[in-house]
Amino acid sequence: MENNMFTMLISFVFILSLTSTLYTSIAQEQSTQKEVENKELDFSPIFFNTLVHKPVLETYIVHVKLPNGQVFTQQEDQESWYRSFLPKSAAARANERSPLVHSYRNVITGFAARLSAEEVKEMEKKQGFLSAKPQSVYSLHTTHSPNFLGLYQNLGFWKGSNYGKGVIIGLLDSGITPNHPSFSDEGVPPPPTKWKGKCENRTLCNNKLIGNRNFATGSSLDDEEGHGTHTSSTAGGNLVTGANVFGNANGTASGIAPLAHVAMYKVCSEFGCSESAILAAMDAAVEDGVDVLSLSLGGGSAPFFADGIAIGAFTAMQKGIFVSCSAGNDGPFSGSLSNEAPWILTVGASTIDRSIRVQAFLGNKELWDGESLFQPKDFPEKMLPLVYPGANGDQYTAWCAEGSLNNTDVKGKVVVCERGGGIARIAKGQTVKDAGGAAMILLNQQLDGDSTLADAHVLPATHVGYNAAVSILKYINSTSSPVATLVFKGTVIGVDFAPEVTSFSSRGPSLESPGILKPDIIGPGVSILAAWPVSVDNATNEKATFNIISGTSMSCPHLSGIAALLKSSHPTWSPAAIKSAIMTTANLLNLDNAPIPDQNNLPADLFALGAGHVNPSRANDPGLIYDIQPEDYVPYLCGLGYTDKQIESIVQHTVNCSKLTAIPEAQLNYPSFSIALGSSIKTYSRTVTNVGPVNSSYTVDISPPPGVTVGVTPYKLDFSEVNQKLTYNVMFMGSNSTVKNSYVQGYLTWTSGKHFVRSPISVKLE
C-alpha cells in the first residue's frame, strides 16, 4: 500500500514539475524550470531520393484589430473573420485538424492557431493584424486556515458576508472532483440568474459546482493531479466534518467562502497549462458571469502585452471581475515574481499556526522540532544509529538521490538527507526506505532557512530547519557513534511565530514594473488541508478524501475566497476597491506581536510581505479605499514605454499615447508606493474614497524609510459624506543620513478614531 501511495504522490510531484507555472503545490525544491517547446518536426517518406520537410508548427496567439465600427453579434461571423487572416497554406493542410485552436470574444480580439513562422509572416501583411507570438506554457504554482484568519461559523464577518452566498468563483486549474463532499450543495441556493455557464457533464454539477469545462486539449475532464480540487475547495468548498490526513489536522474543513458557487475551467494537463487554453477559459468565464477569478499558475516576469494572464485579467477587471493570482514558488530569490500586473492581486505564501510536528531527539539530548504528515504510532522510542551519507563528499548521496544509497550501510538507521538537488522531498524518503533505512531526517539548506513542510512521507521522517541542520551535523561530527530517534507529536495548534513568510514564496521587486510594489499581500500557503481526489493513505472506503500540500497555489485561493466574501458584503465595490481594502488593513505582526518574520527568523521585508498578512474582518471595514478605473491604467501603460499597438492588445480599444499625458508608475492610484529616489525631490498624489462613516476625519502618520524625508499635504482629510473623494500629495526627498541599504522601507498611514489605512513605502536609493 505504501508503494502505491508513493507512486501516486511522486507522479503528482513529477507532473507539477513539468508545468512551467501550476506553482508546484507541494513547493518543490527551487530547480530551474525548463521551457516546454511545443514544436513538432516530422519527416515525410523519401520519394525519388528527396527528403520533404513539413513546416514546423506552433500555437500562436494572434491579436487583430476590428475595422472601425465593426461589431459581430454572432460568434460564427467573428470566427469567420478570424479565419480570413489564416494563410491559404494553413487552411489547405491535408489530414490535419483545423489550424484555428481557439476563437476569442471577450478577453482579446484575436485567436489561437497552429501556424508556421512563414505563415505568420504572410499574415502580418493583412490589414487589421496587430501581433502574433508563440504561446507560453505555464505551470501550477487549506481546515484550520479559516479560523487562523479570524473566520468563525455564525460569528462576525463570515456571518455578515453570508459566507459568500450568491458570489461565483471561477478557477483556472487542473480540473475538479465533482462528487467530493466539499462540493455538496447543502445549504447553497441556486446560482444567480446572470449565470450563463455550463457543465460538460451536467449530472456532476449542482448548486455549489455550477460550471465544469475542459479547455486543456487532449485531456479528460477529470482532475488527474488533485491541484484543482484542492484550490477549489480552499476558495469555496462547503463545510465537511471529520476532515483529516493520516488522522492529523482533524476538524471541519471549509472553504473561505463556503456558500459561494464554484466554476472550474480546466486549463492544465500533464504537459502544462497552455496560454491559448488559459485565454479561452478566461474568455468563457467573462461571458459566463463569474465574480472572482482565481489562478494558481503563472510563468515568470514578462511584458504585460506578451502575458496572456495579464491580458485576460485586464478585460476581466474591466467587467468588474476580481482576479487573484499566485506570486510563484521561486523564492527566496529577489525578483522572482509571476503575475505582476497592477490589476491583479499578487499573493505570496505564509504559514499558519498549525504544525504536524515530529521532533528529532539526538544522543546529546538535543531536541529539534520538525514536521511530517506521516505519524506512525509504533515507532520505537529507543535510540537508533544516526548516519549522514553525504559525509563522503558526494553531493548526490547527500541529497539521497535515487540509487545513491545502494552502497551505503543505512539498514535500520536514521538517515540524514539534505533538501535540494531538484529531488522531491518524498522521493528522498523512498530512497532511504529502499536502502533499508528506518527513518529520515530531512535538512534544510541555508537558502530555505527554517521553513519546513508537512509532507506525506513514505517512512518515519521529520523535516527540520537550517539551524537544526547545522546542530545535527555538528553532533554527527562530534562522536564516532551518533544516535537519534524521532518523537511524533501529532497536530500542534498555536505556533506563536505564525504567520511567517515561507522560503519558497516568490519575492519582489517586480521586474516588469518596479514602480508597483509586489507581491500585494500574503496569505496561508504552507501545509494547507483541502479536498483531494483520492485517499493518500490508500483507504478504499473514504469519500471525504483530503490532502495537505503547500505553495502559493494554496495562498491564492484563500485570497480569492476572501474577495468573494467582500464582494458579497459590498456588491458595488470595484476590483481595485476590494484590493485596496485587503491591502490597507493587512497585519504586520505575528501572533507573538512581533514583526512577521521570513524563513531566517528576521523581519520580512516588503518584497516578501507586500502590504502584510491578510485580515478579512478589517478588510470588510477599511474606512478609505484607493480606487482605480480601467481607463486609469492607459496613461500608466504609456509611461511604461509600450507602443500604442502593444497597449491596444491589453485594453482592447484604440490608444494614442501621444495625445495622453503618460504618468510614472508610482503615480498610479495604488495602495502602496514603490519609487526610485536620487538627489531630486519626487512628488506623487493619491486619491482616497470614504467608505466609512459619513463624517470622518483622518490624520496622517508617517514612518519614513531610513535616509528619506517624507512630507504629506494636507496632513488631515475631513470627509462629510460617503463615497466622497479627497486627494493628497506625498513628497519624497533624500536626507543627508548615510544608509548602506539600496532599498529602504516605511509606511504612510491615515488614522481616524476607528480606522487605520496603511500604505507601505519602498524606496530604491540611487
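Note that this is a predicted model, so its numbers are computed, not measured.

Re the overall build of the protein
Each helix and strand counted, the protein has 18 helices and 35 strands in total. When burial is assessed residue by residue, the protein has 60% of its 766 residues classed as buried. Only carbon and sulfur atoms are counted for the fraction: they give 50% of the accessible area of the protein, which is about 29,500 Å².

Re the packing of aromatic side chains
In the structure shown here, the tally under the stated rule is 19 aromatic pairs. Ring centres 6.3 Å apart and planes at 55° place the aromatic pair Y684 and F732 in the tilted group. Placement of Y684 in strand 29 (residues 682–690) and of F732 in strand 33 (residues 725–734) is noted, with a sequence separation of 48 residues between them. On the basis of relative accessibility, which here comes to 8%, the residue Y684 falls in the buried class. Lying across the ring of F673, R686 places its NZ or CZ 4.1 Å from the centre. Between the NZ or CZ atom of R758 and the centre of the ring of Y747, over which it lies, the distance is 6.0 Å.

A word on unusual backbone geometry
Here A498 and P499 are connected by a cis peptide whose omega angle stands at -5°. Tracing the chain through its elements places P499 in the loop between strand 23 (483–493) and strand 24 (521–524). Here the amide bond leading from T713 into P714 is cis, since omega sits at -10°, within 30 degrees of zero. As for its placement among the helices and strands, P714 is situated in the loop between strand 31 (708–713) and strand 32 (716–719). The phi dihedral of N593 is positive, around 60°, even though this residue is not glycine. Assignment of secondary structure puts N593 in the loop between helix 14 (575–584) and helix 15 (606–609).

Details of the sheet that holds strand 2 (residues 100–104)
Taken in spatial order, the four strands make up an open sheet running 2-3-1-4, and their pairing is antiparallel. On the outer flanks of this sheet lie strand 2 and strand 4 (129–134), each paired with one strand and no other. Each adjacent strand pair in this sheet contributes to an overall mean axis angle of 20°, direction not counted. As defined by bridge partners, strand 2 adjoins strand 3 (residues 110–115) across four bridges and the pair is classed as antiparallel. What sits directly across from Y104, in strand 3, is G110.

Some details on the state of the cysteines
For the coordinates displayed, the defined rule picks out four disulfides. Each sulfur in the disulfide pair C400 and C417 lies 2.0 Å from the other. Across the S-S bond of C400 and C417 the torsion is about -85°, and the bridge reads as left-handed. Taken together, the residues span a long stretch of sequence, with C400 in the loop between helix 10 (395–398) and strand 20 (414–418) and C417 in strand 20 at a distance of 17 residues.

What counts, and where the lines are drawn
Residues numbered from 1 in each chain as written. Predicted model: local features only at pLDDT ≥ 70, side-chain atom pairs only at ≥ 80, totals over all residues. Heavy atoms only, no water. Helix = DSSP H or I, 4+ residues; strand = E, 2+ residues; numbered from the N terminus. Buried < 20%, exposed > 50% of the residue type's maximum accessible area, 1.4 Å probe, protein only. Areas by Shrake-Rupley, 256 points an atom, 1.4 Å probe, with all protein chains shown as cover. Phe/Tyr/Trp six-rings, centres within 6.5 Å; stacked < 30°, edge-to-face > 60°. Lys NZ or Arg CZ within 6 Å of the ring centre and 35° of its normal. Pairing = 2+ DSSP bridges. Axes fitted to C-alpha atoms, helices over the stretch in contact; angles between N-to-C directions. Disulfide = S-S within 2.5 Å.

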